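Results of the structural survey
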Amino acid sequence: MRRFLTWVVLAAAAVAPASAATRAAVTIYSHDLAFIREQRTLARGAAGDTVRIGDIPDRIDVSSVRLALPGKAKVSRLAYRFDVVSGDRLLEVARGQRVTVTLRENRIVEGTLVGADGGWLMVREDNGALETVARSAVDHVRFTRPPASLAVEPTLEAVLEGVSGNRAPAELSYLTGGLSWSAEHTLVRDGESGGVWGSMISIENVSGQDFEVPRLGLVAGDPHRDQPRPIPMDGRVMEMSMSAQKYAPADVSEQGFSEYHLYTLDRPALLRDRETQRLVMLEDRPIKLSPRYLVRAGMNSVATQLELMNARASGLGVPLPDGRVRVYEKDAQGELRFTGESHIRHTPEGEKVTIDVGTAFDLVAERREVYNKRISDHEREYEVEIKLRNRKKTNVTIAVEENVASDFEVIRKSHEFTRKDASTLVFQIPVPAGKEAVLDYVVRVRF
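Now for a look at the structure at hand. As the structure is a prediction and not an experimental result, all values here were calculated from the model. (Residues numbered from 1 in each chain as written. Predicted model: local features only at pLDDT ≥ 70, side-chain atom pairs only at ≥ 80, totals over all residues. Heavy atoms only, no water.)

Focus: the overall build of the chain
If you tally the helices and strands in the chain, you get 2 helices and 34 strands. Taking all 447 residues of the chain together, the buried fraction comes to 42%. About 24,200 Å² of surface is accessible on the chain, with carbon and sulfur atoms providing 48% of the total. (Helix = DSSP H or I, 4+ residues; strand = E, 2+ residues; numbered from the N terminus. Buried < 20%, exposed > 50% of the residue type's maximum accessible area, 1.4 Å probe, protein only. Areas by Shrake-Rupley, 256 points an atom, 1.4 Å probe, with all protein chains shown as cover.)

Regarding the packing of aromatic side chains
All told, the structure shown has 4 aromatic pairs when counted by the stated rule. Feature note: the residues Phe417, Phe427 and Tyr441 constitute an aromatic cluster, connected by ring pairs. Here the guanidinium or amino end of lysine 373 rests over the ring plane of tyrosine 371, the centre of that ring lying 5.1 Å away. (Phe/Tyr/Trp six-rings, centres within 6.5 Å; stacked < 30°, edge-to-face > 60°. Lys NZ or Arg CZ within 6 Å of the ring centre and 35° of its normal.)

Observations regarding the pattern of salt bridges
Applying the stated criterion across every chain, the model contains 32 salt bridges. Between glutamate 110 and arginine 98 there is a salt bridge, and its shortest N-O distance comes to 3.8 Å. One end of the pair, glutamate 110, is in strand 8 (residues 108-116); the other, arginine 98, is in strand 7 (residues 98-103), with 12 residues separating them in the sequence. Of the residues examined, glutamate 110 reaches a relative accessible area of 39% and is grouped as partly exposed. The structure contains a network of salt bridges with shared partners spanning Glu184, Arg324, Arg326 and Glu341. (Salt bridge = Lys/Arg side-chain N within 4 Å of Asp/Glu carboxyl O.)

Description of the nonpolar core
Formed by 55 residues in total, the largest nonpolar core has its most connected members in Ile28, Trp197 and Ile355. Grouped together as the second largest cluster of nonpolar side chains are 24 residues, Ala365, Ile398, Val431 and Tyr441 included. (Core = buried A, V, L, I, M, F, W, Y, C linked by side-chain atoms within 4.5 Å.)

Considerations on the side chain of serine 207
If you trace the backbone, serine 207 turns up in the loop between strand 15 (194-205) and strand 16 (211-213). You can call serine 207 buried: its relative accessible area is 0%. Among the polar contacts listed, one links the side chain of serine 207 to the side chain of asparagine 205, at a separation of 2.8 Å. (Polar contact = N/O pair within 3.5 Å; in protein donor to acceptor, adjacent residues only side chain to side chain.)

Things to note about the sheet that holds strand 1 (residues 22-23)
Spatially, 1-16-21 is the arrangement adopted by the 3 strands of the open sheet, whose pairing is mixed. The open sheet terminates on both sides in strands that have one partner only, identified here as strand 1 and strand 21 (269-271). (Pairing = 2+ DSSP bridges.)

Observations concerning the sheet that holds strand 29 (residues 379-390)
For sheets, the rule is that strands pair by backbone hydrogen bonds, running either parallel or antiparallel. With respect to topology, 4 strands assemble into an open sheet ordered 28-29-34-31, the strand pairing being antiparallel. On the outer flanks of this sheet lie strand 28 (363-376) and strand 31 (408-413), each paired with one strand and no other. On average, adjacent strands in this sheet sit at an angle of 20° to one another, irrespective of strand direction. Sheet topology note: the strand 28/strand 29 ladder contains 12 bridges and is antiparallel. Note that in strand 29 the partner of lysine 373 across the bridge is glutamate 381. (Axes fitted to C-alpha atoms, helices over the stretch in contact; angles between N-to-C directions.)

Structural notes on unusual backbone geometry
Not every positive phi belongs to a glycine, and aspartate 32 is a case in point at roughly 55°. By the element assignment, aspartate 32 lies in the loop between strand 2 (25-29) and strand 3 (33-43). Even without being glycine, arginine 274 reaches a positive phi, approximately 60°. Along the chain, the position of arginine 274 falls in the loop between strand 21 and strand 22 (275-288). Classification of arginine 274 as partly exposed rests on a relative accessible area of 25%.

Focus: the side chain of glutamate 381
When you line up the elements, glutamate 381 lands in strand 29. What makes glutamate 381 buried here is its relative accessible area of 7%. Among the polar contacts listed, one links the side chain of glutamate 381 to the side chain of tyrosine 371, at a separation of 2.6 Å. Reaching out from glutamate 381, the side chain makes a polar contact with the side chain of arginine 444 at a distance of 2.5 Å. Once residues lying within four places of it in the same chain are set aside, the contact partners of glutamate 381 are Tyr371, Asn372, Lys373, Ile375, Ile411, Val442, Val443 and Arg444. (Contact = heavy atoms within 4.5 Å.)

Shown next, in the form of C-alpha cells:
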C-alpha cells in the first residue's frame, strides 16, 4: 500500500514545478510567528484577470494577507486554495476518469474509476463489468488524465481590476506560523566573581517555504494576538535538520522598536524549510557576577544562584532576549564541566539578571517550628528556628526567605530582615567557613 501512495504523489507532482526560495523581507517573532513582505510580478493567463500566487507557506494566516497594486488597480477577490494533492484526494477527484490499476503478480485492471474508500477501489471495465479491488493488493495506479485542478502546494487566487497589460507588480504581505527564533546564552565561570558571557540565536523554519532574506529582523517581545483560525494542513510530515554551517559572527545589530527590541542581521540569510540554524549574537566577553545562596520559603535545601547587572560596568550593557542560560565551570584540572541551566526573560539594560544554577552540596539548612500557640480568639504566635551549616572553605552569606500572614508582627528576631513583598521576609545570614549559624524569630499573627 505504501508503494501505491508514493506513486500517486509522484504522479500528481508532475502537474506543477518545484518551488524555489522566495526573496522577501522577513521579521520573525519569538514564538511561531513571522511577518513577510514580498515583491511579486503577477502574470495574467487565459483566465483573464484571475491570477494564482504560489510559493506561500503552509502555515499562512489567510486573514492577514494583503496584496497591494500600483495606481488605480485593485483586488476585487482574494481566495486561499488548499486543495493540495494527496493519495486519497487524488482518487476522490479522479472519479469518472480512466485508470490502470496494477495488482500484485502483475494483474491489471483497466477502466473507469467509479468509487474509492479506505479499503476498496471500484473500477468499471470497458465491457461494463464492475471490478472491486482491495487497496492492500494494489501496487500502483496510473491516471490517464490526472486532474489539473489539484496543486502540490497551497495557493492564493486573486481577481484583479484596472490592470493594464499581462503583468503587474504587486507587494504581497502576510503573517505566518512556522518561523521562530530564540536566544541561547552561555556563561563560563572564572572564579567566584568573574566569567565569560556569549549569546547565540537559533532560528527554526518549519513553515513549508524557503526564504531568501536580504536583511533579517528578529523581534524580542510578545505582541498580543487574537486566537488565529486553524489553517488547513496537507498532512505532510515535518522534519527538521540542524544546519552544518560554522558559527561565524553574525553582524547582529540591536535597536528599540515600538515596545520591543529589534535585532537585525546585517547580511543576507537563507532560511530553508525544515532547518534550524544558529548564529552568533554576542561574541564572548568577560563579565562580573556575584554568587548568591538562597533558602526558599519552606525548603530545607540551599539553592545556588548567580547575579549580574546588565550594565556596561559589569561587561554587558545590552538588551538580553528571553532564552536559556547554560552555566559551565572548570574543575581543579582545568576541564570544563556543565553546572546547571536556567531561563531568563527579556532583560533591558540596567536590570539585574538572576540565574538559578542548582543546589549547593556543602551548605545545609534545617528548619523547624519551635512552637505554635493561640494567644486569643484573633491571634496566634509561633517561633521558627533555621540552622545553617557551611561546609565550604570560604565564608558565605545565605539569604533566607520566609512566608508570613498579611497582618503580622515580629516579636523577636536574631537577625534583621527586609520585606520582599507583603508576605515574604528576607534574612541575610553570614555563615563562616566550617561553622553553623542559627536564625530564630517569633511572629504574632492577627486574623
